[in-house]
Amino acid sequence: MSQAADPLSGKTSTFGFRDVDAREKVRMVRGVFDSVAGKYDLMNDLMSAGVHRLWKDAAAAKLNPRPGEVILDVAGGTGDMARRYSKMARAAQQRRGGEDASVIVLDYNAEMIMAGVEKGGEPEMQWTVGDAMALPLPDASVDAYSISFGIRNVAEVAVALSEARRVLKPGGRFLCLEFSRPTTGPVRAAYDVWSFNAIPRIGGWVAGDRDSYQYLVESIRRFPDQTTFKAMIEAAGFSRVSVTNLSGGVAAIHHGWAI
């Protein structure tokens with residue numbers, strides 16, 4: 001890729017509390033997920049006391065997978081969301097008929113994809129390694145796009161949002177589930193104590209990698225709040241963008257429509 005064609009050329013991005021060259025962030029984030037892939041699902045359970053499963057159920061219900069749809073799950077990692085989408089689309093198919101859905105799990109990190117494949121999939125699922133900032137799909141080719149707990153790890157969020165809009169068909173659905181900003185002071189204070197003290201320690205004990213979990217905690221703090229991120233989604237060409245706070249804003253679902 002030439003310098004002129006490189007969307008990251010000359011740009012900086014956040015890596016935890018540091019600002020780094022955007023292209024360097026891509027390399028550093030890959031290293032984080034290479035390290036944590038094998039323990040990723042277990043760590044999610046420990047860090048959230050299992051609540052992430054309820055968040056993911058709520059997000060999948062919001063996306064509302066349907067028979068015959070092509071659903072792209074970006075940063076799909078070990079396939080948690082894609083399994084939900086596949087089962088929901090199949091249940092709808094059994095109720096009202098229609099074609100099989102196709103659920104594409106795309107992740108930049110091959111180690112995460114391998115961990116997902118080892119867990120097993122559903123008949124509707126396909127696995128591929130790819131970049132959220134340069135999706136290997138044609139324009140207007142998918143009915144729904146989702147990204148869960150992944151967009152804050154992208155070097156240029158605006159580029160990823162533009163790519164989401166590009167591959168969605170007119171009227172297609174966009175969904176992002178991400179850690180966000182607690183909506184009240186007490187929740188924010190309690191969450192900060194838990195995340196900055198407990199999560200890196202758990203990462204050290206269970207995954208043998210305190211530093212990667214320190215980065216993940218810091219990346220949550222640096223990510224835009226609900227209102228700012230909503231405006232970014234709208235700027236990318238989405239309409240009727242809504243925000244649903246979960247657990248007092250610890251996480252949030254952003255949902256919109258391609259126009």
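Here the structure is shown first, and the text comes after it.
Residues numbered from 1 in each chain as written. Predicted model: local features only at pLDDT ≥ 70, side-chain atom pairs only at ≥ 80, totals over all residues. Heavy atoms only, no water.

### Let's talk about the side chain of Glu163
Put simply, the rule reads: Put simply, DSSP marks the helices as runs of H or I at least four residues long and the strands as runs of E at least two long, and each gets a number from the N terminus on. In what follows, a contact means two residues having at least one pair of non-hydrogen atoms within 4.5 Å.
Mapped onto the elements of the fold, Glu163 is located in helix 6 (residues 157–167). When neighbours within four sequence positions are excluded, Glu163 is seen to be in contact with Ala132, Met133, Ala134 and Leu135.

### Some thoughts on the packing of aromatic side chains
Operational definition: Stacked, tilted and edge-to-face pairs are distinguished by plane angle, under 30 degrees for stacked and over 60 for edge-to-face with tilted covering the rest, among Phe, Tyr and Trp rings (Trp via its six-membered ring) whose centres lie within 6.5 Å. Only Lys NZ and Arg CZ are tested; either one counts as a charge over a ring when it is within 6 Å of the ring centre and within 35 degrees of the ring normal.
Throughout the structure, instances matching the rule amount to 6 aromatic pairs. With a centroid separation of 4.7 Å and 40° between ring planes, the pair formed by Phe149 and Phe179 is classed as tilted. Of the two residues, Phe149 is situated in the loop between strand 6 (142–148) and helix 6 and Phe179 in strand 7 (residues 168–179); the sequence distance between them amounts to 30 residues. One aromatic cluster is present, built from ring pairs that chain together Trp55, Phe149 and Phe179. The ring of Trp257 carries Arg240 above its face, with NZ or CZ at 4.7 Å from the centroid.

### Here's the deal with unusual backbone geometry
Our working definition: Three labels apply to residues, based on accessible area from a 1.4 Å probe with only protein chains included: buried if under 20% of the type maximum, exposed if over 50%, partly exposed otherwise in between.
One non-glycine residue, Asn64, adopts positive backbone phi at about 55°. You can call Asn64 partly exposed: its relative accessible area is 38%. With phi around 55°, Ala75 is a residue other than glycine that occupies positive phi space. Of note, Ala75 is situated in the loop between strand 3 (70–74) and helix 4 (80–96). Take Ala75: its relative accessible area is 28%, and that puts it in the partly exposed class.

### Section: the sheet that holds strand 7
Working definition: the strands of a sheet are paired by backbone hydrogen bonds and lie parallel or antiparallel to each other. Here is the rule: Strand pairing is defined by DSSP finding a minimum of two bridges between the two strands. Helix axes are fitted to C-alpha atoms over the stretch in contact, other axes to C-alpha atoms as well, and angles between N-to-C directions run from 0 to 180 degrees.
Across the sheet, 7 strands lie side by side as 5-4-3-6-7-9-8; this open sheet has mixed pairing. The open sheet has two edge strands with one neighbour each: strand 5 (125–129) and strand 8 (238–246). On average, adjacent strands in this sheet sit at an angle of 15° to one another, irrespective of strand direction. Along the sheet face, helix 5 (residues 110–119) touches strand 4 (102–107) and strand 5 and points at about 160° away from the line of strand 5. Taken strand by strand, helix 6 contacts strand 3, strand 6, strand 7, strand 8 and strand 9 (251–258), and its axis lies near 145° from that of strand 7.

### Remarks on the nonpolar core
Put simply, the test is: What we call a nonpolar core is a set of buried Ala, Val, Leu, Ile, Met, Phe, Trp, Tyr and Cys residues that are connected through their side-chain atoms within 4.5 Å.
Ranked by size, the top nonpolar core spans 33 residues in total, and within it Leu72, Tyr145, Ile151, Phe174 and Phe238 carry the most contacts. At the level of secondary structure, the elements contributing two or more residues to this core comprise helix 1 (22–36), strand 3, strand 4, strand 6, helix 6, strand 7, helix 9 (226–235) and strand 8. Broken down by element, the residue count for this core peaks at 6 residues, all from helix 6. In this structure Leu72 touches Ile104, Leu106, Leu135, Leu137, Val142, Ala144, Tyr145, Ser146 and Val167, once residues within four positions along its chain are discounted. The next biggest cluster of nonpolar side chains, apart from the first, holds 23 residues, and it includes Trp55, Ala82, Val103 and Leu246.

### Considering helix 5
Because an α-helix packs 3.6 residues into every turn, residues spaced three or four apart end up facing the same way. The following threshold applies: What the arc measures is the spread of directions leading from the helix axis to the C-beta atoms. Pairs of N or O atoms are called polar contacts if they sit within 3.5 Å, as long as, within protein, a hydrogen donor faces a hydrogen acceptor (for residues adjacent in sequence, only side-chain-to-side-chain pairs).
If you check which residues of helix 5 are buried, you get Met112, Ile113, Ala115 and Gly116. With its buried residues spanning 160° around the axis, helix 5 presents them on a single face. With a side-chain oxygen positioned 3.0 Å from the backbone nitrogen of Glu111, the residue opening helix 5 is Asn109. Remark: Gly120 follows helix 5 within two positions and exhibits a positive phi of approximately 100°.

### Brief notes about helix 3 (residues 51–63)
Using the following cut-off: Residue count minus one, scaled by 1.5 Å, sets the expected span of a helix.
Its 13 residues place the ends of helix 3 19 Å apart at the C-alpha level, agreeing with the 18 Å of an ideal helix rising 1.5 Å per residue. Taken together, the buried positions of helix 3 are occupied by His52, Trp55, Lys56, Ala59, Ala60 and Leu63. Down the axis, helix 3 shows its buried residues gathered within 135° of arc, on one side only. Looking one or two residues past helix 3, Asn64 carries a phi angle of roughly 55°, positive in sign.

### Focus on the packing of helix 7 (residues 185–207) against helix 8 (residues 210–222)
Put simply, the test is: The cut-offs work like this: below 35 degrees is roughly parallel, past 145 is roughly antiparallel, 65 to 115 is roughly perpendicular, and the gaps in between are oblique. Here a crossing is called left-handed whenever its near helix is offset anticlockwise from the far helix by less than a right angle, and right-handed whenever the offset is clockwise. Polar here means any residue outside two lists: the nonpolar Ala, Val, Leu, Ile, Met, Phe, Trp, Tyr, Cys and Pro, and the charged Asp, Glu, Lys and Arg; Gly therefore counts as polar.
Orientation of helix 7 relative to helix 8, taken along the N-to-C sense of each, is 155°, at an axis distance of 7 Å. Between helix 7 and helix 8, the crossing angle belongs to the class labelled roughly antiparallel. Between helix 7 and helix 8 the crossing geometry is right-handed. On the side of helix 7, the interface is formed by Tyr191, Asp192, Ser195, Phe196, Ile199, Pro200, Arg201, Gly203, Gly204 and Ala207, while helix 8 contributes Arg210, Tyr213, Gln214, Val217, Glu218, Ile220 and Arg221. Per-class residue counts for the contact of helix 7 with helix 8 are 8 nonpolar, 4 polar and 5 charged.

### Observations concerning the pattern of salt bridges
We count it as follows: Criterion for a salt bridge: a side-chain nitrogen of Lys or Arg within 4 Å of a carboxyl oxygen of Asp or Glu.
Considering all chains together, one arrives at 15 salt bridges under this definition. We note a salt bridge from Arg66 to Glu69, for which the minimum N-O separation is 4.0 Å. What makes Arg66 partly exposed here is its relative accessible area of 29%. Look at the salt bridges and you will find they share partners, linking Lys56, Asp80, Arg83 and Lys119 into a network.

None of the figures reported here should be taken as evidence of function without further support.
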